[in-house]
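Chain by chain, the residues run as shown.
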Amino acid sequence: MRLTVAAFLAIGLVYTCPASELTLWYRQPARSGMNEALAIGNGHMGGLIYGAPDEERVNITEDSFWTGGENPSGEDGTMGSYQTFGDAVVRLPAHTNAVDYRRELDIGTALSRVRYEAGGVKHEREFFCSHPAGVLVARFSADKPGSYTGQIELRDSHGAATVVGTNRLTVASALENGLKYEWQIVILPEGGSVESNGTSLAFSRCDGFTLLIAAGTDYAMNYAKHYRGRDPHQRLTTLLEAASQKSYDALEREHETDFRSLFDRVALDLGPSSAAQRGLPTDQRRLEAFQRIDPELETLLFQYGRYLLISCSRPGGLPANLQGLWNDRNDPAWHSDYHANINVEMNYWPAEPTGLPECQLPFFNLVDSQLPAWRKATAASPEFKTPSGQMSARGFAIRTSHNIYGGMGWNWDKTANAWYCRHFWEHYEFTRDRDFLRRTAYPIMKETCEFWEDHLEALPDGRLVVPKGWSPEHGPVEDGVSYNQEIVWDLFDNYTRAADALGIDRDYRDKIAGMRDRLLTPGIGSWGQLLEWRTEKTNSEREHLEFDTRNDHHRHTSHLFAVYPGHQITPGTTPALAAAAKVSLDARGISPDSDVREWSFAWRTSLYARLGDGDDAHKMLQQLFSDRNTCPNLFGLHPPMQMDGNFGVTAGMAEMLVQSQDGEIQLLPALPGVWPEGSVKGLRARGGFEVDESWADGKLSGAVVRALTPTKGTVRYGKRTVDFSIDPGKPVTFDGSLKRTGE
């Protein structure tokens, strides 16, 4: 799988935003675990910074550290869970009674800092996780020499012993599934001395010191080798030795340059916040923002999703899981796994529109590596007998949750295979990478079409339905559930476009197009709602739940997939269905006694945006500032913590500002009244476009469109549309009425 990153970068300029607007900060250390700790990561290794003056704790995670294995039956209890390596702990017993304390995370540079004064000495710590160096770096400094005396230890979460060297601690062991793992920490002192102290390193009267941490396993994304590769020891040792040869400043410059090459592609300005708002620490400010609009904090929330995605999903690693990359326990909720009924998909909604296409590559690589196991599990399951009674022979299906070894958890989510395919197609839609489409996306899309060709069933009137489907995580199992129908329609429609783009498989393309047009489409119910099931439900069908009523406030809006992220229902092409979707969405509501969660509000932000309702879209994103939906460190709170809402709300805000459905680039399609002035630079649109916009008094002031390849496009603002031709390196500029300027 390949993405021409250089070509994508060439589409436009790199933009920056003042660091002060992009900093989370606090007046106290983290106390309640990962809900308060500050997260850093290099795409495969992560750290949670707690910041206590007398005992710094850095929780270490690595994306391949999983128990479990392959389980074709899905019922043998071996799916396993994502694990934590444990804590790297620095004890500083003299650093008590600290004053002037500040803990912060600058998401514009991916640097976390802790500052305080203790014993008349000003201390500072700086942390970052370097993608180029492959290590986590921490520097402890002070304004007086000899200020650091203490101990360093590794607390392995599985109780493995620590081997102590001259300036190094090493823990190496294996999990019950045979996965080998190792982590090492090296101290580079400035002055003073370091010596072994049993299972720890003791340092005395140092002016300061730098810590380098590396962690890894022998996991390999290769089914044929049982997902095992080389012992991690030599790789980790080499990384630490190379990093030790560089100065701290050189490591920091290298890290920041690398991080900003991705992060600075998009800049957003939603207007100024008040001085009083800026003066509040983030844990207090987010609660105030739930009551009063705080434009700069909303900008930070948007960029935080991009920061987290860069930090937990880079090429060569595994994709973001339910908690992104971070995890402080070995029995995390829902295994901290990959949930296929919206969660892992939502993780990647912002990747393409906010300029991070390469961050989605780990997801494609994981899917590719799991296919042999998934095919085997599908072929063995009686769930997937064809209408003729034969066992499934083509394609694969996915259960609702899965791990990194081909193992799966509970409940088949039959059409998740098609939902996964949407991401492959979207990557091509935004990047126009034909090599990716031909080699990677098209084969898996065709295989999944073949699967559904074998498994769809015909009603007496000839319409095709997914048999025995489910509307996650809600309601009865039956034929023709809207969620399933919409996702298969999406697959078939995208496949025909892919075949057209490549100019291949004309006969099969036409067959799938015909099946797409025979699929049962959602109906409209008695109170104007989009039906979630093939027929309208009544209260009597379940004793204590209501379906298809105005009192159904379920957290999922599965039957609205066709609005977002799908494209089957739009106000322009299917106005009656779009109006019915709006009725259903309004009815789901934000009732405080409902089970609507952070990711639910993130999804609803995008749904309202697609329906052109910016004010209600904003109401949904503002819910993310509630202490019911967001942790003090702005992680999403289900509860417990999970990260899909962080990614989803970033995508939703992008959708409010630029959309690219129906062959058009729509400017400010859902601008809320609370953002009267602002600008955005660097958002991406389908067709290989990049878009800048500015607005004032709630109206478009101007826009700039760039393109990857010579092409044609259409731009829309309100009811006005303009067609244009464009070449790479030659932006097209419009004023507020879409008149071409600068020519």
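It should be emphasised that the depicted structure is a prediction, and the values quoted were computed from it without experimental measurement.

Chemist: Which parts of the structure should I look at to understand the packing of helix H9 (residues 416-431) against helix H11 (residues 482-502)?
Modeler: Packed helix pairs are specified by the crossing angle of their axes together with the interaxial distance, meaning the distance between the axes. Packing of H9 against H11 brings their axes to within 9 Å, and their N-to-C directions diverge by 35°. For the pair H9 and H11, the crossing hand works out as left-handed. Residues Ala-418, Trp-419, Cys-421, Arg-422, Trp-425, Tyr-428 and Glu-429 of H9 form the contact with H11, whose participating residues are Tyr-483, Ile-487, Asp-490, Leu-491, Asn-494, Arg-497, Ala-498 and Ala-501. When its residues are assigned to classes, the contact of H9 with H11 shows 10 nonpolar, one polar and four charged.

Chemist: I tried to follow the side chain of Asp-283 on my own but got confused; where do I start?
Modeler: Examined against the element boundaries, Asp-283 turns out to sit in helix H5 (residues 282-291). Despite being buried, Asp-283 has no salt bridge partner; Arg-103 is the closest side chain of opposite charge, sitting 6.5 Å away. Within the structure, Asp-283 has its side chain in polar contact with the side chain of Gln-28 (distance 3.0 Å). With residues near it in sequence (within four places) discarded, Asp-283 still touches Tyr-26, Gln-28 and Pro-632.

Chemist: Would you mind showing me how to read the sheet that holds strand E11 (residues 162-164) here?
Modeler: In spatial order, the strands read E1-E6-E7-E8-E9-E16-E13-E12-E11; together these nine strands make up an open sheet with antiparallel pairing. Of all the strands in the sheet, the pair left with one neighbour each is strand E1 (23-26) and E11. Averaged over all neighbouring strand pairs, the angle between strand axes comes to 15°, with direction disregarded. Sheet analysis places E11 next to strand E12 (residues 168-174), joined by three bridges and oriented antiparallel. Bridging from a neighbouring strand, Val-164 pairs with Leu-169 of E12. Sitting on the sheet, helix H3 (residues 248-263) touches strand E7 (111-118), strand E8 (121-130), strand E9 (135-142) and strand E16 (208-217), and the angle it makes with E8 is about 50°.

Chemist: Looking at this structure, how should I read the confidence of the model for the chain?
Modeler: Close inspection of predicted coordinates is inappropriate for parts of the model with low pLDDT. Confidence along the chain averages 93 in pLDDT terms, with 95% of residues attaining 70 or more. Below a pLDDT of 50 lies the segment residues 1-19, which in the model reaches 49 contacts outside its immediate sequence neighbourhood of four places, other chains included.

Chemist: What am I meant to see in unusual backbone geometry here?
Modeler: Peptide bonds are trans in most cases, and residues, glycine excluded, mostly fall at negative phi. Residue Glu-473 is bonded to the preceding Pro-472 through a cis peptide linkage, with omega at -20°. Within the fold, Glu-473 resides in the loop between strand E24 (469-471) and strand E25 (474-478). Put simply, His-638 and Pro-639 share a cis peptide bond, and its omega is -10°. Within the secondary structure, Pro-639 is located in the loop between helix H15 (614-622) and helix H16 (644-657). One non-glycine residue, Lys-468, lies in positive phi territory at about 50°.

Chemist: Whenever I open this one, the environment of His-567 confuses me. Can you help?
Modeler: For His-567, the position within the fold is in the loop between helix H12 (506-518) and helix H13 (575-588). Considered as a pair, His-567 and Ile-487 are 80 residues apart in the sequence and their alpha carbons are 10.0 Å apart. What His-567 contacts, discounting residues up to four positions off in sequence, is Arg-422, Trp-489, Asp-490, Asp-493, Asn-494, Arg-497, Ala-562 and Gln-661. A polar contact is formed between the side chain of His-567 and the side chain of Arg-422, at a distance of 3.1 Å. Of the polar contacts made by the side chain of His-567, one reaches the side chain of Arg-497; its length is 3.4 Å.

Chemist: Even after reading the chapter, I still don't get the sheet that holds strand E2 (residues 38-41), so can you show me in this structure?
Modeler: Strand-to-strand pairing in sheets goes through backbone hydrogen bonds, with the strands running parallel or antiparallel. Pairing in this open sheet of seven strands is antiparallel, and the strands run E2-E3-E4-E5-E10-E15-E14 from one edge to the other. The sheet terminates laterally at E2 and strand E14 (193-197), the two strands that pair on one side only. Strand-to-strand twist across the sheet, computed as the mean angle between neighbouring axes with direction ignored, equals 20°.

Chemist: What is the right way to look at the packing of aromatic side chains in this model?
Modeler: Applying the stated criterion across every chain yields a total of 43 aromatic pairs. With centroids separated by 5.7 Å and ring planes inclined at 55°, the aromatic side chains of Phe-128 and Tyr-248 adopt a geometry described as tilted. Placement of the pair is Phe-128 in strand E8 and Tyr-248 in helix H3, with a sequence separation of 120 residues. Exposure remark for Phe-128: the relative accessible area of 0% places this residue in the buried category. For Tyr-248, a relative accessible area of 9% corresponds to the buried category. By the ring-pair criterion, three or more aromatic residues cluster together here, those being Tyr-348, Phe-363, Phe-364, Trp-374, Phe-396, Tyr-420, Phe-424 and Phe-436.

Chemist: How should I be thinking about the pairing of strand E6 (residues 99-106) in this particular structure?
Modeler: Judged from the four bridges that link them, E1 and E6 form a sheet pairing that is antiparallel. Across the sheet, residue Thr-23 finds its bridge partner in E6, namely Asp-106. Note that E6 and E7 share six bridges and pair antiparallel. By the bridge assignment for E7, Val-99 is matched with Glu-117. From the end of E6 to the start of E7, which pair antiparallel, there are four residues, and Ala-110 there has a positive phi angle of about 60°.

Chemist: How should the pairing of strand E29 (residues 689-696) be read in this particular structure?
Modeler: A regular strand carries its side chains on alternate faces of the sheet. Counting buried positions along E29 gives six out of eight residues, so the element sits mostly inside the fold. Here seven bridges tie strand E28 (residues 678-685) to E29, and the two strands are oriented antiparallel to one another. Along E29, the bridge assignment pairs Ala-685 with Phe-689. Linking E28 to E29, which pair antiparallel, is a turn of three residues; within it Gly-687 sits at a positive phi near 105°. Bridge analysis of E29 against strand E30 (residues 699-707) gives eight bridges, and the strand direction is antiparallel. In the strand pairing of E30, Val-691 is matched with Val-705. Counting the residues that bridge the hairpin from E29 to E30 gives two residues, and of these Asp-697 lies at a positive phi of roughly 55°.

Chemist: What is the right way to look at the packing of H3 against helix H6 (residues 295-312) in this model?
Modeler: Orientation of H3 relative to H6, taken along the N-to-C sense of each, is 125°, at an axis distance of 10 Å. Judged by the angle between their axes, H3 and H6 are oblique. When you trace H3 past H6, the crossing you get is right-handed. Packed against H3, whose contacting residues are Phe-259, Leu-262 and Phe-263, the element H6 presents Gln-303, Arg-306, Tyr-307 and Ile-310 at the interface. Among the residues forming the contact of H3 with H6, the class breakdown is five nonpolar, one polar and one charged.

Chemist: Teacher, can you tell me more about H13 here?
Modeler: Quick reminder: α-helices carry 3.6 residues per turn. Residues three or four places apart thus point the same way. Relative to the 20 Å expected for 14 residues at 1.5 Å per residue, H13 spans 20 Å between its end C-alpha atoms, a close match to the ideal helical length. Among all positions of H13, only Leu-577, Ala-578, Ala-580, Ala-581, Ser-584, Leu-585, Ala-587 and Arg-588 are buried. Those residues of H13 that are buried lie in contact with E25 and helix H14 (598-610). Of the residues flanking the end of H13, it is Gly-589, one or two places downstream, whose phi is positive at about 70°.

Chemist: I keep staring at the side chain of Arg-285 and nothing clicks. Help me out?
Modeler: With respect to the helices, strands and loops of the structure, Arg-285 is situated in helix H5. Of the residues examined, Arg-285 reaches a relative accessible area of 11% and is grouped as buried. Setting aside residues up to four positions removed in sequence, Arg-285 forms contacts with Ser-273, Gln-277, Arg-278, Leu-280, Asp-294, Glu-296 and Leu-297.

Chemist: Hey, could you run me through H14 in this one?
Modeler: Between its terminal C-alpha atoms H14 stretches 19 Å, which fits the 18 Å expected from 13 residues at 1.5 Å a residue. Just downstream of H14 lies Gly-612, where phi reads positive at about 80°.

Chemist: Got a minute to help me understand the nonpolar core in this structure?
Modeler: Note that soluble globular proteins tend to have their nonpolar side chains buried in a common cluster. Counting 203 residues, the largest nonpolar core has Tyr-304, Tyr-307, Trp-326, Phe-492 and Phe-635 as its most contacted members. Leave out the neighbours within four places in its chain, and Phe-635 touches Met-34, Ala-39, Leu-48, Tyr-304, Leu-308, Trp-326, Asn-629, Thr-630, Met-641, Met-643 and Asn-646.

Conventions adopted
- Residues numbered from 1 in each chain as written.
- Predicted model: local features only at pLDDT ≥ 70, side-chain atom pairs only at ≥ 80, totals over all residues.
- Heavy atoms only, no water.
- Axes fitted to C-alpha atoms, helices over the stretch in contact; angles between N-to-C directions.
- Helix = DSSP H or I, 4+ residues; strand = E, 2+ residues; numbered from the N terminus.
- Left-handed = near helix turned anticlockwise from the far one by under 90°.
- Contact = heavy atoms within 4.5 Å.
- Nonpolar A, V, L, I, M, F, W, Y, C, P; charged D, E, K, R; others polar.
- Buried < 20%, exposed > 50% of the residue type's maximum accessible area, 1.4 Å probe, protein only.
- Lys, Arg positive; Asp, Glu negative; His and termini not counted.
- Salt bridge = Lys/Arg side-chain N within 4 Å of Asp/Glu carboxyl O.
- Polar contact = N/O pair within 3.5 Å; in protein donor to acceptor, adjacent residues only side chain to side chain.
- Pairing = 2+ DSSP bridges.
- pLDDT = per-residue confidence, 0-100.
- Phe/Tyr/Trp six-rings, centres within 6.5 Å; stacked < 30°, edge-to-face > 60°.
- Parallel < 35°, antiparallel > 145°, perpendicular 65-115°, else oblique.
- Expected span 1.5 Å × (residues − 1).
- Core = buried A, V, L, I, M, F, W, Y, C linked by side-chain atoms within 4.5 Å.

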